[in-house]
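Residue-level listing of the chains:
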Amino acid sequence: LAGVGHAQRQRGAAGVELVTDLKSLYPSKMATLVHSRAALMHRFGKGLQEEALTGCKKLGIDVILNERTVEESEQNGVTVVKLRSGRTLECDLVV
């Protein structure tokens, strides 16, 4: 889990489960979930999608939808993840 930010590359329900478990274990750390679709867990019903997003937000997880990671680099000991939009995230850990 990242101290500055966290980029998540697991898929679907596994990614949501991983980031929520990590945030529950390390509540003081910042966590970011990057998802390529307009909703989390897009293969499931709308109710579950909304619950997943609400649960993430209640834990303090920054959720970025409709976005993809395109590049990962190391800069001054910090991992920097570049998103398709050009936005960058500084991370201690990328999963």
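Novice: Honestly, helix H2 (residues 46–58) in this entry has me stumped. Any pointers?
Specialist: Note on helix geometry: an α-helix contains 3.6 residues per turn, so any two residues three or four positions apart are oriented the same way. The end-to-end C-alpha separation of H2 is 18 Å, in line with the 18 Å expected for 13 residues at 1.5 Å each. For H2, the full list of buried residues reads Gln49, Ala52 and Cys56. Down the axis of H2, the sector holding all buried residues measures 65°, keeping them to one side. Facing away from the buried side of H2 by more than 90 degrees, the exposed set consists of Lys46, Glu51, Lys57 and Lys58. Looking at the packing, one finds that the buried side of H2 touches helix H1 (12–25), strand S2 (31–34) and strand S3 (61–64). Once H2 finishes, glycine 60 follows within two positions and takes phi at roughly 90°, a positive value.

Novice: Can you help me understand the sheet that holds strand S6 (residues 88–91) in this one?
Specialist: Strands belonging to one sheet form pairs held by backbone hydrogen bonds; the direction of such a pair is parallel or antiparallel. Reading across from one edge, S4-S5-S6 is the order of the three strands in this open sheet, with antiparallel pairing throughout. Strands with a single pairing partner mark the edges of an open sheet, and in this sheet they are strand S4 (69–75) and S6. Across this sheet, the average inter-strand angle for adjacent strands is 25°, counted without regard to direction. As defined by bridge partners, strand S5 (residues 78–83) adjoins S6 across four bridges and the pair is classed as antiparallel. Counterpart to lysine 82 in the pairing with S6 is threonine 88.

Novice: So what exactly am I meant to see when it comes to the pattern of salt bridges here?
Specialist: As a working rule, side chains carrying opposite charge can pair if their charged atoms are close by. Per the counting criterion, the structure on display carries two salt bridges. Note that lysine 46 is salt-bridged to glutamate 50, the shortest N-O span being 3.8 Å. Residue lysine 46 and its partner glutamate 50 are located together in helix H2, separated by four residues, close to a single helical turn. Here glutamate 50 falls in the partly exposed class, since its relative accessible area comes to 43%. Close ionic contact of aspartate 62 with arginine 87 constitutes a salt bridge, the shortest N to O distance being 3.7 Å.

Novice: Explain the pairing of S4 to me, please; I cannot follow it from the model alone.
Specialist: Two faces, one strand: in a regular strand the side chains alternate between the faces of the sheet. Two elements, S4 and S5, share six bridges in a ladder whose sense is antiparallel. Within the sheet, the bridge partner assigned to serine 73 lies in S5 and is valine 80. Here S4 folds back onto S5 in antiparallel fashion, the turn holding two residues, of which asparagine 76 has a positive phi close to 55°.

Novice: Mind showing me how you'd approach H1 here?
Specialist: When the terminal C-alpha atoms of H1 are compared, their 20 Å separation across 14 residues agrees well with the 20 Å that a helix rising 1.5 Å per residue should span. Every buried residue belonging to H1 is among Gly15, Val16, Val19, Thr20, Leu22 and Lys23, and all of these are buried. The buried residues of H1 occupy an angular sector of 160° when projected down its axis, which confines them to one face. In H1, the exposed positions angled more than 90 degrees off the buried face are occupied by Glu17 and Leu25.

Each value, and the rule that gives it
- The written sequence of each chain sets the order in which its residues are numbered from 1.
- Confidence filtering applies because this is a predicted model: local features only for residues at pLDDT of at least 70, side-chain atom pairs given and counted only at 80 or more, and all residues used for totals across whole chains, interfaces and linings.
- Computation of side-chain values covers all heavy atoms of the structure but excludes hydrogens and water.
- Secondary structure elements follow DSSP: runs of H or I no shorter than four residues count as helices, runs of E no shorter than two count as strands, and numbering proceeds from the N terminus.
- An expected span of 1.5 Å times one less than the residue number is assigned to each helix.
- Exposure classes here rest on a 1.4 Å probe applied to the protein chains alone. A residue is buried below 20% of its type maximum, exposed above 50%, and partly exposed in between.
- The directions considered for the arc are those from the helix axis to the C-beta atoms.
- We call two residues in contact when some of their heavy atoms are within 4.5 Å.
- Only when DSSP finds a minimum of two bridges between them are two strands counted as paired.
- Comment: axis = line fitted to C-alpha atoms, over the contacting stretch for helices; angle = value between 0 and 180 degrees taken between N-to-C directions.
- The working definition used for a salt bridge is a side-chain nitrogen of Lys or Arg within 4 Å of a carboxyl oxygen of Asp or Glu.

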